[in-house]
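Survey of secondary and tertiary structure
Residue strings, one per chain:
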Amino acid sequence: MDLQSSWGVIKNHPLLTHLETAANNLSPRPDHELQNGLFGAVMPPQIQLCFSHRLRAEHQHQEVRGDGRRRLLGTPGLIENSKQHCQTEMGKAWVCPTVRQTLLQIAHDPTLDHEYLPVLGFPEFTRAATELALGRESRAVIENRAGGVHTVGGTGAVRIGAEFLWRWYNTSSPSPIAVYIAFPQWDSLRCIFQDAGFTEIRPYHYWDTVRLAVAIEEFLEVLESAPDCSIVVLHAPEETGLTPKQWEEVARVMGRKRLFPFFDVPAQGLASGDLDRDAWALRHFVAQGFELFCAQSFSKTFGLYDERVGNLIVVARDNETLVGIRSQLQKQVMGTWATPASLGARVITTVLNNPALLNKWKQSLRMLAEKIMLIREKLKQKLRILGTPGCWDHLTAQSGTRSFTGLLPSQVAFLEKHKHIYLLANGQVSVCSINSHNLDYVAQSINEAVSSTAGRAQGLSWAEME
Ligand SMILES: Cc1ncc(COP(=O)(O)O)c(C=O)c1O
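For clarity, every value in this text was computed on a predicted model and none was experimentally measured. (Residues numbered from 1 in each chain as written. Predicted model: local features only at pLDDT ≥ 70, side-chain atom pairs only at ≥ 80, totals over all residues.)

Section: the site of the ligand
Taken together, 14 residues surround the ligand, and among them Gly153, Gly154, Thr155, Ser297 and Ser299 come closest. If you list the elements that add at least two residues to the shell around the ligand, you get α9 (153-168) and α15 (299-302). Among the elements that line the shell around the ligand, the one with the most residues is α9, at three residues. Split into classes, the residues belonging to the shell around the ligand amount to three nonpolar, eight polar and three charged. (Near = placed C-beta within 6 Å. Helix = DSSP H or I, 4+ residues; strand = E, 2+ residues; numbered from the N terminus. Nonpolar A, V, L, I, M, F, W, Y, C, P; charged D, E, K, R; others polar.)

Okay, structure coming up:
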């Protein structure tokens, strides 16, 4: 597929013009009257947009009540459930054994210093991370037109990617560029794109909440009707449940309409247990000749949530374009976090570049993925044994760290209010938060929630949900 470069404009501008254009394109300052002090009038509506803030507020409420069950689906409950942590049987954040070993090794390294890292991060880290996602044999890697930027978690990668796109993507478009975000991530990702400057942000669905299955036709319809050159955030492709054939169709439509793919990959390897298989969709797009961004996170896969390690992968049409994009991103990073933190990236770089450690890490990922699949199976069985109304096959038809349960908003509210089990309002649950200690309680609670709800047990359209 011969897709035209989306970045022609970058190559043609000398540095000074870049800066001027970028400065002129910054979000206009909101025209608020600052009646309540310097910030009072501006802050509340922005904060309420973020889902995690709502959870944090509720979490604090739970802390005050000291309710013993608040930790049930996460430790400490709400926030972690929203962040989809991988947890141990004891409800603690899972720590990859290879990480422990590598940390000890690093701590005893006499050559270690605490010098600033390069602005774009360790080249060894971004190279190894990019190859992990795209594959060493990727044409984009071999042709030196794919590269990474070490970011503050996957979230930081989305953020600087969004900011870059707002400044540089298709700048000659007479109308605002539309950004499409999948509904499950609507709250969190919309915040980022909005904050970066985008005004035309639209939701899409890939999951049919009535049939409890992938809604490929609906997804394709949205892509067909999107304005040409829109940006589409393809979130957690490893977990959406689309088959390779369906991804091929998505890529065909996106190529024809010149839609820009922005992948968000938070858990490569945790859906199927196989790193290559989980990267299939991303690699297919690259093989088809797309230019794209991919926000890669290592929080879940290494259990390194607090180290905030991410990588913004850029795939460009040629090396010259890649160099231009990375130089712009470098400026953005310098004005945002200046240089990245090192420890988490050191650990990951060590593991990815050492065949023995790499094997051990892959084995841990496989075990974790199997545990997630087993929990899905057990929950389904328990619900069946309890005679819970509805069909629960969709729990095992999906894979990965999160799952659509098909629960109605009223049932989610019931679980929250009466059982202190916290799901997303759309019924999504972090499967990793369920373990053998709380499985019975979770199943029993879902059974009560569903049984006590008059009318349909499952199945509400997105429109009804909203
Ligand atoms: C949907 C999604 N995207 C991205 C991330 C990456 O997060 P982080 O910024 O911790 O790397 C996560 C983490 O749970 C996630 O759930």
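Having seen it, we continue.
Observations concerning the confidence of the model for the chain
Predicted coordinates in areas of low pLDDT are best not read in detail. When the pLDDT values of the chain are averaged, the result is 83; 79% of them are 70 or greater. For the stretch residues 11-28, pLDDT sits under 50, and the model shows nine contacts to residues farther than four places along the chain or on other chains. (pLDDT = per-residue confidence, 0-100. Contact = placed C-beta atoms within 7 Å.)

Structural notes on helix α20 (residues 409-419)
When we look at burial in α20, the residues that qualify are Gln411, Val412, Phe414 and Leu415. Projected onto a plane normal to the axis of α20, the buried residues spread over an arc of 155° and lie on a single side. Tucked inside the fold, the buried residues of α20 contact α21 (439-451). Looking at the residues trailing α20, positive phi occurs at His420, about 55°. (Buried ≥ 20, exposed ≤ 12 C-beta atoms within 10 Å, placed from the backbone. Arc of directions from axis to C-beta.)

Focus: the packing of helix α6 (residues 97-107) against helix α17 (residues 343-352)
Interhelical geometry of α6 versus α17 gives an angle of 110° and a closest axis separation of 10 Å. Considering the angle they form, α6 stands roughly perpendicular to α17. Seen from α6, the contacting residues are Thr98, Val99, Thr102, Leu103 and Ile106; seen from α17, they are Arg346, Val347, Thr350 and Val351. Within the contact of α6 with α17, the residues separate by chemical class into five nonpolar, three polar and one charged. (Axes fitted to C-alpha atoms, helices over the stretch in contact; angles between N-to-C directions. Parallel < 35°, antiparallel > 145°, perpendicular 65-115°, else oblique.)

Overview of the pairing of strand β2 (residues 178-182)
With four of five residues buried, β2 lies mostly within the body of the structure. Across five bridges, β2 lies against strand β3 (residues 200-204) in parallel orientation. The residue of β3 that forms the bridge with Ala178 is Glu200. Once you follow β2 into helix α10 (residues 186-196) and on to β3, the crossover reads as right-handed. With three bridges connecting them, β2 and strand β6 (residues 231-235) associate as parallel partners. Bridge pairing in β6 links Val179 to Ile231. (Pairing = 2+ DSSP bridges. Right-handed = clockwise from strand over helix to strand, strands pointing away.)

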